[in-house]
Amino acid sequence: MHLAQRALRRTAPATTVALLAVVAVGCAPQPEDNAAASPSANTCDKGKLTTETSGKLTIATDEPAYEPWFKDDKPANGEGYESAVAYAVAKQLGYATSDVVWQSVPFNKAFAPGEKTFDFDINQVSISAERKKAVDFSSGYYDVRQAVIALKDSKAAKATSIADLKDVKLGAQVGTTSLDYINDVVKPTEAPAAYAKNDQAKSALKNGQVDAIVVDLPTAFYITAAEVTDAKIVGQFENSGGTPEQFGLVLDKGSALTPCVTDAVDTLREDGTLASIEKQWLSDAVDAPVLK
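Residues numbered from 1 in each chain as written. Predicted model: local features only at pLDDT ≥ 70, side-chain atom pairs only at ≥ 80, totals over all residues. Heavy atoms only, no water.

### Focus: the side chain of S178
Here S178 is to be found in helix α6 (residues 177-186). The contact partners of S178, leaving out residues within four places of it in the chain, are Q146, A172, V214, V215 and D216. (Helix = DSSP H or I, 4+ residues; strand = E, 2+ residues; numbered from the N terminus. Contact = heavy atoms within 4.5 Å.)

### A word on the sheet that holds strand β7 (residues 193-195)
Strand order in the open sheet made by the six strands is β7-β6-β8-β5-β9-β11, with mixed pairing throughout. Two strands close off the open sheet at either side, each with one partner strand: β7 and β11 (290-291). Inspection of the sheet shows strand β5 (residues 146-151) paired to strand β9 (residues 231-237) by five bridges, in the antiparallel sense. Of the residues in β9, the one forming a bridge with L151 is A231. (Pairing = 2+ DSSP bridges.)

### Considerations on the environment of A76
Secondary-structure assignment places A76 in the loop between β1 (57-61) and α4 (81-92). Measuring from C-alpha to C-alpha, the distance between A76 and I59 comes to 9.7 Å, with 17 residues separating the pair along the chain. Not counting the four nearest positions on each side in its chain, A76 is found in contact with Y87 and W102.

### Things to note about the state of the cysteines
One pass over the structure, following the stated rule, counts one disulfide. Disulfide partner of C44: C260, at an S-S distance of 2.2 Å. Measuring handedness by torsion sign, the sulfur bridge of C44 and C260 sits at about -85 degrees and is left-handed. Residue C44 is located in the loop between α3 (32-36) and β1, and its partner C260 is located in helix α9 (residues 258-270); the two are separated by 216 residues in the primary sequence. (Disulfide = S-S within 2.5 Å.)

### A word on the side chain of T262
For T262, the position within the fold is in helix α9. T262 gets classed as buried once you look at its relative accessible area, which sits at 17%. A polar contact is formed between the side chain of T262 and the backbone nitrogen of S139, at a distance of 3.5 Å. Here T262 is in contact with F137, S138 and S139, once residues within four sequence places are set aside. (Buried < 20%, exposed > 50% of the residue type's maximum accessible area, 1.4 Å probe, protein only. Polar contact = N/O pair within 3.5 Å; in protein donor to acceptor, adjacent residues only side chain to side chain.)

### Regarding the pairing of β5
Counted residue by residue, β5 has six buried out of six residues, so it is predominantly covered. Burial along β5 is two-sided: Q146, V148 and A150 and A147, I149 and L151, pointing in opposite directions, are all buried. Pairing of β5 with strand β8 (residues 212-216) involves five bridges; the strand directions are antiparallel. Opposite I149, over in β8, you have I213 as the bridge partner.

### Topic: α9
A rise of 1.5 Å per residue sets the reference length of α9, with its 13 residues, at 18 Å; its end C-alpha atoms lie 18 Å apart and thus fit the reference within 8%. What α9 keeps buried is the set T258, C260, V261, T262, A264, V265 and L268. Each element contacted by the buried residues of α9 is listed here: α4, β3 (120-121), β4 (135-144), β10 (245-252) and α10 (273-281). Phi for G272, located one or two positions after α9, is positive at around 90 degrees. (Expected span 1.5 Å × (residues − 1).)

### Observations concerning α4
When the terminal C-alpha atoms of α4 are compared, their 16 Å separation across twelve residues agrees well with the 16 Å that a helix rising 1.5 Å per residue should span. Burial analysis of α4 places ten of its twelve residues in the buried class, which makes it a mostly covered element. Of all the positions in α4, only Y81, E82, S83, A84, V85, A86, Y87, A88, V89 and A90 are classed as buried. Positive backbone phi, at 100 degrees, marks G94, one or two positions downstream of α4.

### Considerations on the packing of α4 against α10
Relative to each other, α4 and α10 sit at 155 degrees, their axes nearing to 9 Å. By the angle between their axes, α4 is roughly antiparallel relative to α10. The two elements α4 and α10 meet at a crossing, and its hand is right-handed. Here Y81, A84, V85 and A88 of α4 come into contact with α10, specifically with T273, L274, I277, E278 and W281. (Axes fitted to C-alpha atoms, helices over the stretch in contact; angles between N-to-C directions. Parallel < 35°, antiparallel > 145°, perpendicular 65-115°, else oblique. Left-handed = near helix turned anticlockwise from the far one by under 90°.)

Structure representation (C-alpha cells):
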C-alpha cells in the first residue's frame, strides 16, 4: 500500500515500474501459515478425517475394563461412563456405533512415547504437563479427585487428615496420579507399593499387604460397594495446585485429530451430554470427607 502511494507522487515511468512491482508482489506465493489457517484444512467432517482405518474410528482402553467406567468388561456395549462418552464423541465426529473399533492397550503404554495404533484412548488418564510431552490430550471429559480406601478395622480407616496417613503403608497403580498423590501430597515415611493393575492393589488391601490404597473417587465408591465390602472410603484429596484434575482422551503426539476430538468433547460438555452420562453412571460417587 505504501509503495503504491509513493509511486503516485513520481513521474509516469516511475509509476509504471512501481505498479509492476506491486503486481509482482501480489502474485508471489503467500506464507504457508495462511494456507494452514484455511478452514478447509481444519475440517472435522467425517469424510475428511484421517483415521487408523478409513471410515472407522479406533478407540483403545485397558483390559480388563473396570466399572463404573465400563460394564461387564465389555467396552463395546456402550455401558459405563467411559464407554458412553467414547460413543458420544464418535457420534459427534460423525461415526455410527458400527464404525467404532475397540482395541486393548495397557494403561501405561497409552501415554508412553511412540506412534499409536489407535485414534484415541479412553482409560482414566489424567492430563498432565509431563504426559503432554509424549502425547496429545483432548480437553477434559471428567473432573476427578483421588480417594483413600482402607479396611474398616485398620488403623488407616481412622485417619481424618493427610498427616494421619504418613505412617501407614499405602499402595496404588503404577503410572497413575493416585501414586503421585501418595508421593507428592501424603509423603509417607514408608515407600508406597506400586502395582501394575488396580486388581493387584485391591488384592494387596484384602490380604493386609498394605493399609490403604488410593484410586479415583468413582472407582473408590465402586470398590467399597461391590468388590471389597469390608473396606471404606477414608476421604478424598483436594485438587493440588488449585486446578481440577481431569481425565482426557489420549491421542498421538501432533495428531491431526486432536482439535476435532477436543471440539467434540467441548460440545458434549456445553450441551449437557457429559453431565447426563455422569448422572447415569457415576451417580453413586457422592462427596466423601476431604483430607487436609
